[in-house]
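Chain and residue survey
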Amino acid sequence: MEATLDSLALGFSVAFRPDVLFYAFLGCLVGTLVGVLPGIGPLAGISILLPMTFGLDATKAIVMLAGIYYGSQYGGSTTSILMRIPGEAASVMTCIDGYAMAKRGRAGAALTIAAVGSFVAGTMGVILLTVVAPPIAKFALAFGPPEYTALLVLGLLFLAYMSSTGLPRTLLMAALGLLLGCIGIDVMTGHFRYSFDIKELGDGIGIVPVAVGLFGLGEILSTPSNRVTEKVVPPRLAELLPTRTEWRQSVLPIARGSVLGFLIGIVPGSAHIIASFLSYALEKWVSKTPEEFGKGAVAGVAGPESANNSASTGAFVPMLALGLPTGPVTAVLMAALLIHGVPPGPMLVNEHPQVFWGFIASMYVGNLMLLALNLPLVGVFVTVLRIPYAYLYPLIIMFCIIGVYEVNHSIVDVWIMLIMGVLGYLLRKFDFDPAPLVLGLVIAPIFELSLRQSLIMSNGNWLIFVERPIAQALLVVCVLLLGLSALSLVLKRRDWRAKLAQAEAGDGTGRD
Amino acid sequence: MQLRRDHVAGTVMLLAGVLVLAASTDLPFGTLASPGAGMLPTVVIVLMIAFAVLLLLAAGASPPIAATDWTDATHAVRVVAVTAAAVAFYIPLGFIASIALLLFVLTFVVERKPFFNALAYSGGATLLAYLVFGTLLNAPLPRGLWH
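This structure is a prediction, so every number in the text was calculated from the model and none was measured. (Residues numbered from 1 in each chain as written. Chains lettered and ligands numbered in written order. Predicted model: local features only at pLDDT ≥ 70, side-chain atom pairs only at ≥ 80, totals over all residues.)

**Let's talk about the overall build of chain A**
Put simply, the rule is: Here a helix means four or more residues in a row that DSSP labels H or I, a strand means two or more in a row labelled E, and each is numbered from the N terminus. Any residue whose C-beta has 12 or fewer other C-beta atoms within 10 Å is treated as exposed, any with 20 or more as buried, and any in between as partly exposed, C-beta atoms being built from the backbone. Residues are scored as being in contact if the C-beta atoms we place from backbone atoms lie within 7 Å.
A count of helices and strands for chain A gives 23 helices and two strands. Looking at chain A as a whole, 63% of its 512 residues are labelled buried. Considering only intrachain contacts with a sequence separation of at least 6, the fraction spanning at least 24 residues in chain A is 80%.

**A word on the overall build of chain B**
On a plain count of helices and strands, chain B comes out with five helices and zero strands. Ordering the α and β elements of chain B from the N terminus gives α-α-α-α-α. Dimensions of chain B along its principal axes, counting C-alpha atoms only, are 60 × 45 × 20 Å. Scored against the burial criterion, the 147 residues of chain B give a buried share of 32%. Sequence separation of at least 24 residues holds for 60% of the intrachain contacts in chain B that already meet a minimum separation of 6.

**Describing the environment of Leu106 of chain B**
Note that Leu106 of chain B resides in helix 4 (residues 95–110). Through-space distance from the C-alpha of Leu106 of chain B to that of Val20 of chain B is 36 Å; in sequence the pair is 86 residues apart. Not counting residues within four places of it along the chain, the set of residues in contact with Leu106 of chain B comprises Pro394 of chain A together with Val79, Val82 and Glu111 of chain B.

**A word on the packing of helix 4 (residues 58–83) of chain A against helix 14 (residues 328–339) of chain A**
Residue and element names in this part refer to chain A. To be explicit about the condition: Convention adopted: a line fitted to C-alpha atoms gives each axis, helices being fitted over their contacting stretch, and angles between N-to-C directions are expressed from 0 to 180 degrees. Each angle gets one of four labels, with under 35 degrees taken as roughly parallel, over 145 as roughly antiparallel, 65 to 115 as roughly perpendicular, and the rest as oblique. Handedness of a helix crossing follows the sense of rotation of the near helix relative to the far helix, less than a right angle counterclockwise being left-handed and clockwise being right-handed. Charged residues are taken to be Asp, Glu, Lys and Arg, nonpolar residues to be Ala, Val, Leu, Ile, Met, Phe, Trp, Tyr, Cys and Pro, and polar residues to be all remaining types, Gly included.
Direction vectors running N to C along helix 4 and helix 14 enclose 165 degrees, while the axes themselves pass 10 Å from each other. Compared by their axis directions, helix 4 and helix 14 come out roughly antiparallel. As helix 4 runs across helix 14, the sense of the crossing is right-handed. Taken together, the residues of helix 14 that come into contact with helix 4 (itself represented by Ala58, Ala61, Ile62, Leu65, Ala66 and Tyr69) are Val329, Leu333, Ala336 and Leu337. Grouping the amino acids of the contact of helix 4 with helix 14 by side-chain chemistry returns ten nonpolar, no polar and no charged.

**Comments concerning the interface of chain B and chain A**
Facing the 49 residues of chain B at the interface are 45 residues of chain A. Counting only elements with at least two residues in the side of chain B that touches chain A, the list comes to helix 1 (5–23), helix 2 (39–57), helix 3 (73–93), helix 4 and helix 5 (115–136) of chain B. Looking at the side of chain B that touches chain A residue by residue, the class counts come to 38 nonpolar, seven polar and four charged.

**A word on the packing of helix 9 (residues 207–221) of chain A against helix 19 (residues 411–429) of chain A**
All names here are of chain A. Running from amino to carboxyl end, helix 9 crosses helix 19 at an angle of 50 degrees, the nearest separation of the two axes being 7 Å. Relative to helix 19, helix 9 is oriented oblique. Where helix 9 crosses over helix 19, the two elements pack in a sense that is right-handed. Together, Pro209, Val210, Val212, Gly213, Leu214, Phe215, Leu217, Gly218 and Leu221 of helix 9 and Asp413, Ile416, Met417, Leu418, Ile419, Met420, Gly421, Leu423, Gly424, Tyr425 and Arg428 of helix 19 make up the contact between the two elements.

**Some points on the nonpolar core**
Looking at soluble globular proteins, one finds that nonpolar side chains tend to be buried together. The cut-off we apply is this: What makes a nonpolar core is a set of buried Ala, Val, Leu, Ile, Met, Phe, Trp, Tyr and Cys residues, with links drawn between C-beta atoms within 7 Å. The start and end points of each domain follow an automatic or database-based domain assignment.
Counting 214 residues, the largest nonpolar core has Ile62, Leu65, Val332, Leu333 and Val438 of chain A together with Met48 of chain B as its most contacted members. In terms of residue count, helix 6 (residues 107–140) of chain A provides more of this core than any other element does, 18 residues in total. Each of two domains, domain 1 (5–67) and domain 2 (73–146) of chain B, supplies a minimum of three residues to this core. Apart from the residues lying within four places of it in its own chain, the contact partners of Leu65 of chain A are Gly27, Ile46, Leu49, Leu50, Thr53, Leu333 and Ala336 of chain A.

**Some details on helix 14 of chain A**
All names here are of chain A. For the record, the criterion: Each residue after the first adds 1.5 Å to the expected span of a helix.
For helix 14, built from twelve residues, the straight-helix expectation of 16 Å at 1.5 Å per residue is met to within 8% by its first-to-last C-alpha distance of 16 Å. Counted residue by residue, helix 14 has ten buried out of twelve residues, so it is predominantly covered. Among the residues of helix 14, Pro328, Val329, Thr330, Ala331, Val332, Leu333, Met334, Ala335, Ala336 and Leu337 are the ones counted as buried. In this structure, the buried side of helix 14 is in contact with helix 3 (42–49), helix 4, helix 9, helix 13 (316–322) and helix 20 (435–457).

**A word on the confidence of the model for chain A**
Residues and elements named next belong to chain A. Short version of the rule: Looking at any residue, its pLDDT shows the predictor's confidence there, from 0 to 100.
Looking at chain A, the pLDDT average stands at 83 and 90% of residues meet or exceed 70. Of all the helices and strands in chain A, helix 23 (residues 496–506) carries the lowest mean pLDDT, 61, while helix 19 carries the highest, 94. Here residues 507–512 is a poorly scored stretch, pLDDT under 50, and it has 21 contacts once near neighbours within four places are set aside; other chains count.

**Describing helix 18 (residues 389–408) of chain A**
Relative to the 28 Å expected for 20 residues at 1.5 Å per residue, helix 18 of chain A spans 30 Å between its end C-alpha atoms, a close match to the ideal helical length. Once helix 18 of chain A finishes, His409 of chain A follows within two positions and takes phi at roughly 50 degrees, a positive value.

**Observations concerning unusual backbone geometry**
All names here are of chain A. We note that Phe196 has phi near 45 degrees; this positive angle belongs to a residue other than glycine. Along the chain, the position of Phe196 falls in the loop between strand 2 (192–193) and helix 9. The backbone phi angle of Asp197 is positive, close to 60 degrees, even though this residue is not glycine. Within the secondary structure, Asp197 is located in the loop between strand 2 and helix 9. On the neighbour-count criterion, Asp197 (7 C-beta atoms within 10 Å) is exposed.

**Re the environment of Leu201 of chain A**
Residues and elements named next belong to chain A. Along the polypeptide, Leu201 turns up in the loop between strand 2 and helix 9. The class for Leu201 is partly exposed, based on 18 C-beta atoms found within 10 Å. Sequence separation between Leu201 and Gly314 is 113 residues, and the spatial gap between their C-alpha atoms is 35 Å. Those residues within four positions of Leu201 in sequence are excluded, and the remaining contacts are Ile183, Gly184, Ser195 and Phe196.

**Section: the confidence of the model for chain B**
Chain-level pLDDT for chain B is 91 on average; 98% of the residues reach the 70-or-more range. Interface confidence for the predicted complex, given as ipTM, is 0.95, next to a pTM of 0.80.

**Some words on the environment of Ile220 of chain A**
In this fold, Ile220 of chain A is placed in helix 9. Ile220 of chain A sits 38 residues away from Ser258 of chain A along the chain, and the two C-alpha atoms are 32 Å apart.

Here it is, written out as structure tokens:
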């Protein structure tokens, strides 16, 4: 514990540097805007701004990009409460009771409860991350190629199991992502794969054009401007402070949401979305007045908002400690670290302590900044919401083009982005979730390398994956997950994932 | 038999898988002890085909294809066409001209905003972006006509 505190002190010495503070603030501000604005989610925001971090060192880059991620969880609640539009998918559940509170003239109180809940959950999440990540990283040092292969398979299966679109669809998307990840020169043999004499494809397909296309442009194509409302229920800022009863009603939901969110965050999948949904269900279940839900229940705002923030922090545990992205956002953040020459994983704590601990310490500071940003500046964000979408989306397309082009100064990348935008639009029409595709693309090189190394190590013996205890345990969990999925398919049971799909579809916006 | 959404999705994925598998014949699979460049792609394509078949088998439970809402398609096609033109002209015309045209056409033609509003918006936003990215952040934006 003492060693952890010493390391955290090192982290704070990095996080309190004026330049790091500036980029943390910038990330939080942009994240809040990304969360507030309908039509652009955290993944698109991070992907678009990723190339802008190339001139920065790894610490500043990851601090800023992570700030966008957890900042968007704060900002998403503003549109949910004031407009009944989730600025970010994880805020879908906040729409229900947040907007009902706003209609009753309690918009200010709902915004404060959402911001304080997000702050408490975010901070609790970072404390848990501080305690949990280093021991997991230490344990993961025992991992060899077979364990990594099993872990990546487990990650994909978890994602598929947690997905609201169903196992075959999710795995189909993951397979497509893995296939896209195979494009380019094979690093072990030098063979060109699927490059069709286009020299730019020799290095493979980058994550930025794919993520920006699928989530940025794809979202714009699915959102015609005439369907985006600019109607805002104006908050009574004079009533920003919740009453004593409202505070009392929010304490336990915030605590429960924080713990639940963190635990779900560690598991692969769209954790922040699932966490807010499950937290809402939990609060309704434990409530003595469940009939109040949907009519402005304070717990219906406090629980889900806390859970989605805590989950976004929990998602950093497998990314930092194992080098395993649990969703598309952590996949892009991982790609950002790799671009800066800092591979995430068990060696990160020892090899780059300044990045690891600086990043964690910056999240404590970032959560404070977000609390300070979100409440006093809510009026500014409401003004931003009034920008007509017809003027907003052309700007987003401009940022997409600049962002993608600046990665490699390659126009081929911009064309890939455009193709991916069209693909993203079509995938949404056919109810496919593009997130597993991005995840597959990111893990493809690591997966292929560890799979081939395992086979070479064992002289072609597949049993290497079941003879080693850690790999064996991971594969047993994989089999259990497949069994559970098959069971729900056979029984055609309508479980929480079906309800989540319905809730996500019901919002009509489908943000990433 | 009514054509359903997953009939179309499954068939497209199945065909894509078969086509890519056919394009992978020149990649060496290798052996288990010495896996070649074609091993992972082949395994992944076979899985993709298998999942597409699963999708087709369960397609009866999916909504009819006619129920898919395509009312936003016209808008999407216009946006894609204008963006494609901007990408095509991005290098030859340069950042300022291509992006200003992109913004103007999207706001004036696609969104039918007033001419002078669209003109001021596209000019102002492009110049601001050029100042921020090209001047402040030193990003090498294509100069095209101004080269």
